[in-house]
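Spelled out from the first residue to the last, the chains are:
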Amino acid sequence: MKVKLISFTKNPLEVIYWAFMNMHHVVPDSIENINLSSDEKESFFSMLIKQPHQTVFEFVNLVWLIEGASRAFQQQLTRTRTAAYSIQSLRIVDVGDFASEKRFAISEELNNNAAALKIYRETMEDLQSKYRELIRLGCKTEDARGLLPLNIHSTITMAINLRSLYHMLELRFCENAQGEFREVARLMRAEIREKISPILSEPMKPLCFRLGKCISPVPCGKYDFPVAIDTDISRWVKR
Ligand SMILES: Cc1cc2nc3c(=O)[nH]c(=O)nc-3n(C[C@H](O)[C@H](O)[C@H](O)COP(=O)(O)OP(=O)(O)OC[C@H]3O[C@@H](n4cnc5c(N)ncnc54)[C@H](O)[C@@H]3O)c2cc1C
């Protein structure tokens, strides 16, 4: 899987600082005139993530390329409405070699279950051959794609601002989220840390870390936070 930050707002930390300072101060008319020491940046940002004016994080836009992740993951990703997407069209692109080229997702659990993995791989090969057969019989790719599995890899690009990204990652770092999404979340955090600053990656943690409690109706039990919902939820939610 490849998760790449391909473009982002220039001078992001300074832009956020500028937007915040504008509320109570006269700000310079050029972002370049803002010179912050690393200590100042760190203390400013640790204050910023705790206060309510989170709008300032909307001034930083990020464009991502995600390759080698499944169509199932894409369905989950695009539930985040506060972002823009461009998704590879399986109506147009012929993916008749997806199984031979191993372009489908396999979870860690499947990988560790030899018997299940065998069935899974064989079914992928089978679907590929039936897909090719339909194309050979003159079907359009937009019809043949109906046979494709949810776990087929497909490229997606996403534009999202930093505030929405923090929100999405808090939810998807949760142990209840699927492993594939958690892996994307980890890779996004690593990209932000490397290409922008470790300061901006700091809030990228499961929601329970910020709240100091778990608000999931189905607590994962991994972290030692108090649980907010203590009623019997089995009538409404499956574990
Ligand atoms: C572990 C996990 C399991 C999930 N399982 C399921 C599932 O089984 N089925 C399923 O359907 N979804 C599921 N989801 C998706 C989830 O319900 C949300 O749709 C998704 O996480 C996007 O969250 P959001 O709406 O807060 O984010 P965004 O769409 O980015 O919205 C951000 C914020 O903007 C505001 N907002 C956006 N649009 C509106 C609106 N129209 N009206 C009012 N306020 C708005 C809200 O405050 C929202 O929190 C799951 C998510 C997780 C993390």
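The structure under discussion appears in the preceding block.
This write-up is about the structure you can find in this document. (Residues numbered from 1 in each chain as written. Predicted model: local features only at pLDDT ≥ 70, side-chain atom pairs only at ≥ 80, totals over all residues. Heavy atoms only, no water.)

Digging into the site of the ligand
In the neighbourhood of the ligand, the contacting residues comprise R79, T80, R81, T82, H167, L171, R172, N176 and A177. Within the contact set of the ligand, an oxygen atom lies 2.5 Å away from a side-chain nitrogen or oxygen of R79. The side chain of R81 places a nitrogen or oxygen atom 2.6 Å from an oxygen atom of the ligand. The residue inventory of the shell around the ligand, partitioned by class, reads two nonpolar, four polar and three charged. (Near = heavy atom within 4 Å. Polar contact = N/O pair within 3.5 Å; in protein donor to acceptor, adjacent residues only side chain to side chain. Nonpolar A, V, L, I, M, F, W, Y, C, P; charged D, E, K, R; others polar.)

Here's the deal with the side chain of Q54
Summarising the element assignment, Q54 is placed in the loop between α2 (38–48) and β2 (61–67). Sequence-distant contacts of Q54, that is, excluding residues within four places in its chain, are made with L48, I49 and R163. (Helix = DSSP H or I, 4+ residues; strand = E, 2+ residues; numbered from the N terminus. Contact = heavy atoms within 4.5 Å.)

Points about helix α1 (residues 12–21)
Among the 10 residues of α1, nine are classified as buried, and the element is accordingly described as predominantly covered. Among all positions in α1, only P12, L13, E14, V15, I16, Y17, A19, F20 and M21 are buried. (Buried < 20%, exposed > 50% of the residue type's maximum accessible area, 1.4 Å probe, protein only.)

Digging into the state of the cysteines
Per the stated rule, a full pass over the model turns up zero disulfides. C214 takes part in no disulfide bond, and the closest cysteine sulfur to it belongs to C208, at a distance of 6.3 Å. Judged by relative accessible area, which is 14%, C214 ranks as buried. Not engaged in a disulfide, the cysteine C220 finds its nearest cysteine sulfur in C174; these two sulfurs lie 5.8 Å apart. Overall, the relative accessible area of 35% leaves C220 in the partly exposed class. (Disulfide = S-S within 2.5 Å.)

Regarding unusual backbone geometry
One non-glycine residue, N11, adopts positive backbone phi at about 50°. Note on placement: N11 falls in the loop between β1 (2–8) and α1. Positive phi, close to 55°, is recorded for K102, a residue that is not glycine.

Observations regarding the sheet that holds strand β4 (residues 156–161)
Spatial ordering of the open sheet is given by β1-β2-β4-β3, a layout of four strands whose pairing is antiparallel. Each having just a single partner strand, β1 and β3 (83–87) make up the two edges of the open sheet. Each neighbouring strand pair of the sheet contributes to a mean axis angle of 20°, computed without reference to strand direction. Here β2 pairs with β4 via six bridges, running antiparallel. The residue of β4 that forms the bridge with W64 is M158. Its contacts with the sheet put helix α8 (residues 179–195) on β1, β2 and β4, and the angle it makes with β1 is roughly 40°. (Pairing = 2+ DSSP bridges. Axes fitted to C-alpha atoms, helices over the stretch in contact; angles between N-to-C directions.)

In short, shape yes, function no, at least from these values alone.
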